[in-house]
Amino acid sequence: MPPSQTASPPLNMAVRLAVFYGGYFLVGGVLFPFWPLLLEARGLHAGQIGLVLALALWLRAAAGPVVAWQADRSGAPKKTLIACAALALAVMPAFYWAAGFWPLLLATFAFFFAYSSVVPLAETISLRTVSAEQGYGRVRLWGSVSFVVAAIAGGFLLDARGGLPASTIVTLLLVTLVILLAASLALPRAPAAHAARGLAPLKALLSSKPFVLFILATGMIHAAHGVYYGFSTIHWTSEGYSHLTVGLLWGEGVVAEILLFAFGAPVVRRMGPVGLIAAAAGLGALRWAVLALTTELWVVALVQLLHAASFGAMHLGAMLFITRAVPDVYANSAQGLLGGLTYGAGLGAGLLLAGWLYGMYGADAYWANAALSALAVPVTLWLALVWRGRLIAVRG
């Protein structure tokens, strides 16, 4: 067990990690609620929006594990992380001029490759510095706080402009990306780990049945967020919700996640990684079923609290599984595979399906998400049967 798992980190290291998460999710608080509106304003229809987002995330699925593998080989994830943050900032100005399917697709490819590669590397630094059972959630929650602030402020600014100037969204993202780069430079160095040789990390992880089932379960749960991430803002604004109301709804879901991260350590210890992932699957299915049935504001506001389960519990369960099942020498590669295959390929497939279904059926597309999340429950139970808490073997 690494030293970070047995003692509290120095306060200044925890603060620097919290500042980083605040910077990273400040970008996300603008990106996730309002990016589909930018694509729609530039002339893309629902199917094209889903395709652009899906292809960008699939690129991340291919590239993210390679970036993380390189960090494992070098033993220095911070340098790679800073380079990715700088690249994301450099690409963003292209969106002031990009319009039409192909220019937007190429620019989105480059941006999501860089931006999405940042956080898996940061997760490794965090989990080598703070306890997954207790300290991680309290550091990570500051990312959720900044997401809420950005989502609400972004909605307010868009309403204040009296329309949807796509350039406003790009400007907001540029400002937040500058903050992210500064926060990345301030990250602490992770406690040293031995550099892994060759392709051993990827081979060991992808040949491990528990790890593959873990990726399958989390990938299904996150893919089930496809309609929400891709089209909830478009759907809610078409129903007459203001941009500020949309920002508040997104923010509310993340506030529930914050409460789990801040006060959920006893729940995390009691449920363990498999229990958390199973709860995310079952309660996620309930969330998507309700959103398929109604746009009544008070009901939507109530069900948004389940974001603490469908995303928050899944994420905490994933971090806890990696700390318990994956040798530290493979940590970057495990985070890269999780980021690439769950948050990349999984969500990418969900967005592609969402674009097709939402274009034909509107909010009824949520039923497919509910079914997908429910199907993750038996996969998680299978994981519980085959894993049994064992550490994945290290290969030479």
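Residues numbered from 1 in each chain as written. Predicted model: local features only at pLDDT ≥ 70, side-chain atom pairs only at ≥ 80, totals over all residues. Heavy atoms only, no water.

Participant: Please give an account of the overall build of the chain that cites residues and values.
Facilitator: Each helix and strand counted, the chain has 16 helices and zero strands in total. Across the 396 residues that make up the chain, the buried fraction comes to 60%. Summed over all atoms, the accessible surface of the chain reaches about 14600 Å², with 70% contributed by carbon and sulfur. (Helix = DSSP H or I, 4+ residues; strand = E, 2+ residues; numbered from the N terminus. Buried < 20%, exposed > 50% of the residue type's maximum accessible area, 1.4 Å probe, protein only. Areas by Shrake-Rupley, 256 points an atom, 1.4 Å probe, with all protein chains shown as cover.)

Participant: So what about helix α9 (residues 209–223)? Which residues, and what values?
Facilitator: Here α9 is 15 residues long and its end C-alpha atoms lie 21 Å apart, about the 21 Å a rise of 1.5 Å per residue gives. Extensive coverage of α9 is indicated by the burial of 12 of its 15 residues. Listed in full, the buried residues belonging to α9 are P210, F211, L213, F214, I215, A217, T218, G219, M220, I221, H222 and A223. In this structure, the buried residues of α9 make contact with α8 (200–206), α10 (226–238), α12 (265–293), α14 (307–325), α15 (331–361) and α16 (366–387). (Expected span 1.5 Å × (residues − 1). Contact = heavy atoms within 4.5 Å.)

Participant: Just give me the short version of the packing of aromatic side chains, but keep the residues and values in it.
Facilitator: Counting across every chain of the model gives 25 aromatic pairs. Ring centres 5.8 Å apart and planes at 40° place the aromatic pair Y228 and W288 in the tilted group. Taken together, the positions of Y228 in helix α10 and W288 in helix α12 put the pair 60 residues apart, joining distant regions of the chain. The class of Y228 is buried, set by a relative accessible area of 1%. When the centroid spacing of 4.8 Å and the interplanar angle of 55° are considered together, the rings of F321 and W387 count as tilted. Of this pair, F321 sits in helix α14 while W387 is found in helix α16, placing the two residues 66 residues apart along the sequence. Of the residues examined, W387 reaches a relative accessible area of 8% and is grouped as buried. One aromatic cluster in this structure is built from F20, Y21, Y24, F25, W35, F95, F111, F112, Y115 and Y136. (Phe/Tyr/Trp six-rings, centres within 6.5 Å; stacked < 30°, edge-to-face > 60°.)

Participant: Break down the pattern of salt bridges for me, with residues and values.
Facilitator: The full count for this structure, using the stated rule, is one salt bridge. Salt-bridge contacts for R140 lead to E257; the nearest nitrogen and oxygen are separated by 3.4 Å. Taken together, the positions of R140 in helix α6 (residues 135–160) and E257 in helix α11 (residues 243–263) put the pair 117 residues apart, joining distant regions of the chain. Comparing R140 with E257, the two get one shared label, buried. (Salt bridge = Lys/Arg side-chain N within 4 Å of Asp/Glu carboxyl O.)

Participant: Please give an account of empty space enclosed by the protein that cites residues and values.
Facilitator: The rolling of a water-molecule-sized probe over the atoms marks out the regions of remaining empty space. Counted by the stated rule, this structure contains four cavities of 30 Å³ or more. What lines the largest cavity is a set of 28 residues, among which F25, F32, H222, F311 and Y343 lie closest to the centre. Mapped onto the lining of the largest cavity, the elements with two or more residues apiece are α1 (11–41), α2 (46–74), α4 (101–116), α5 (118–127), α6, α11, α14 and α15. Broken down by element, the residue count for the lining of the largest cavity peaks at five residues, all from α15. Class assignment of the residues belonging to the lining of the largest cavity gives a composition of 17 nonpolar, seven polar and four charged. The space that makes up the second largest cavity amounts to roughly 100 Å³. Residue assignment for the lining of the second largest cavity shows that the elements contributing at least two residues are α1 and α2. (1 Å grid on protein atoms, 1.4 Å probe; cavity = no way out; pocket = protein on both sides within 12 Å on 5 of 7 lines; lining within 4 Å. Points joined across faces, edges and corners; volume = space filled by probe spheres on them. Nonpolar A, V, L, I, M, F, W, Y, C, P; charged D, E, K, R; others polar.)

Participant: I'd like a description of a nonpolar patch on the surface, backed by residues and values.
Facilitator: Nonpolar side chains collect at one region of the surface, where L353, W356, M360 and Y361 lie side by side and expose about 450 Å² of accessible area between them. Following the sequence through the fold, W356 ends up in helix α15. (Patch = residues over 30% accessible without salt bridge, like charges linked within 9 Å, V, L, I, M, F, W, Y side chains within 5 Å.)

Participant: Talk me through the environment of L105; I want residue IDs and the actual numbers.
Facilitator: Positionally, L105 belongs in helix α4. The exposure class assigned to L105 is buried, which follows from its relative accessible area of 4%. C-alpha of L105 to C-alpha of Q48: the two residues are 57 residues apart in sequence and 9.5 Å apart in space. The residues contacting L105, other than those within four sequence positions of it, are V52 and L55.

Participant: Describe the nonpolar core, listing the residues and the values that go with them.
Facilitator: W35, F111, F211 and F214 are the most contacted members of the largest nonpolar core, which has 139 residues in total. Counting residues per element, this core draws most heavily on α1, at 15 residues. Setting aside residues no more than four positions away along its own chain, W35 makes contact with V30, L53, M92, F95, T108, F112 and L173. (Core = buried A, V, L, I, M, F, W, Y, C linked by side-chain atoms within 4.5 Å.)

Participant: Residue-level account of the side chain of E257, with values.
Facilitator: For E257, a relative accessible area of 3% gives the class buried. In this structure, E257 is in contact with R140, S144, H307, A308, F311 and G312, ignoring residues within four places of it in sequence.

Participant: Give me the lowdown on the confidence of the model for the chain, citing residues and values where you can.
Facilitator: Taken over all residues, the pLDDT of the chain has a mean of 87, while the share at 70 or more is 89%. A low-confidence stretch, residues 1–8 (pLDDT under 50), is modelled with 11 contacts involving residues beyond four sequence positions or located in other chains. (pLDDT = per-residue confidence, 0-100.)

Participant: Describe helix α7 (residues 166–185), and please don't skip the residues or the numbers.
Facilitator: With 20 residues, α7 extends 29 Å between its outermost C-alpha atoms, agreeing within 8% with the 28 Å of an ideal straight helix rising 1.5 Å per residue. For α7, every residue scored as buried is listed here: A166, T168, I169, V170, L173, L174, T176, L177, L180, L181, A183 and S184.

Participant: Give me unusual backbone geometry: which residues, what numbers.
Facilitator: Generally, phi is negative for residues other than glycine and the peptide bonds are trans, each holding for most cases. Phi is positive for R388, close to 55°, though the residue is something other than glycine. Positionally, R388 belongs in the segment after α16. Among the residues examined, R388 registers a relative accessible area of 60% and is labelled exposed.

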